[in-house]
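Okay, here's what each chain looks like letter by letter:
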Amino acid sequence: MPLTSKQRGFLRSQAHHLKPVVTLGSAGMTEGVMNEIKLAVEHHELIKIKIHTGDRDELKEAAEQISKKSNSGLVQIIGHIAIIYRPAKKPVIKLPK
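Chemist: Report on the confidence of the model for the chain, specifying residues and quantitative values.
Modeler: Per-residue confidence for the chain gives a mean pLDDT of 91; residues scoring 70 or more make up 100%. Least confident of the elements in the chain is strand S1 (residues 22-24), whose mean pLDDT is 90; most confident is strand S4 (residues 81-85), at 96.

Given below as structure tokens:
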């Protein structure tokens, strides 16, 4: 899901106060974790995911993989936190154009 820079900035400001909903641990990307991410993003639209990896490249790859598998837009990666967004069937968050 492509997001414009204006939309990403808006979503970053909306996600600032959020706490991570899902934690991706040492077991990596399991089916259960992916199901939790899909449910969380379906319910909340905008979520933070804590990813425990030692390498920035692995972190970026994991965040992109999560975004792709959950049909979400990757908003930002900061530290070990990835922020993803997917509009709900009845969107609560109204994105700027």
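Chemist: Please give an account of the nonpolar core that cites residues and values.
Modeler: In terms of nonpolar packing, the biggest core is built from 16 residues, with Ile37, Ile47, Ile49, Ile51, Ile66 and Ile84 touching the most fellow members. For this core, the elements supplying multiple residues, two or more each, are S1, helix H2 (31-44), strand S2 (46-51), helix H3 (56-69) and S4. A total of five residues in this core trace back to one element, the largest contributor, which is H2. Excluding residues that lie within four positions of it along the chain, Ile66 makes contacts with Leu24, Met29, Met34, Ile37, Ile49, Ile51 and Ile84. Core analysis: the second largest hydrophobic core is formed by eight residues, Leu3, Ala15, Leu46 and Ile83 among them.

Chemist: Outline the sheet that holds S2, supporting the account with residue identities and numerical values.
Modeler: Across the sheet, which stays open at both edges, the four strands sit in the order S1-S2-S4-S3 with mixed pairing between neighbours. Among the strands making up the open sheet, the edge pair consists of S1 and strand S3 (73-78). For this sheet the average axis-to-axis angle between neighbouring strands, irrespective of direction, equals 25°. Pairing of S3 with S4, which is carried by five bridges, proceeds in the antiparallel orientation. In the sheet register, Ile77 faces S4, and the bridge partner there is Ala82. The strands touched by helix H1 (residues 5-15) are S2, S3 and S4; relative to S3, the strand with the most contacts, the crossing angle is about 60°. Packed onto the sheet, H3 meets S1, S2, S3 and S4 and runs at close to 155° relative to S3.

What counts and what doesn't
Residues numbered from 1 in each chain as written. Predicted model: local features only at pLDDT ≥ 70, side-chain atom pairs only at ≥ 80, totals over all residues. Heavy atoms only, no water. pLDDT = per-residue confidence, 0-100. Helix = DSSP H or I, 4+ residues; strand = E, 2+ residues; numbered from the N terminus. Core = buried A, V, L, I, M, F, W, Y, C linked by side-chain atoms within 4.5 Å. Buried < 20%, exposed > 50% of the residue type's maximum accessible area, 1.4 Å probe, protein only. Contact = heavy atoms within 4.5 Å. Pairing = 2+ DSSP bridges. Axes fitted to C-alpha atoms, helices over the stretch in contact; angles between N-to-C directions.

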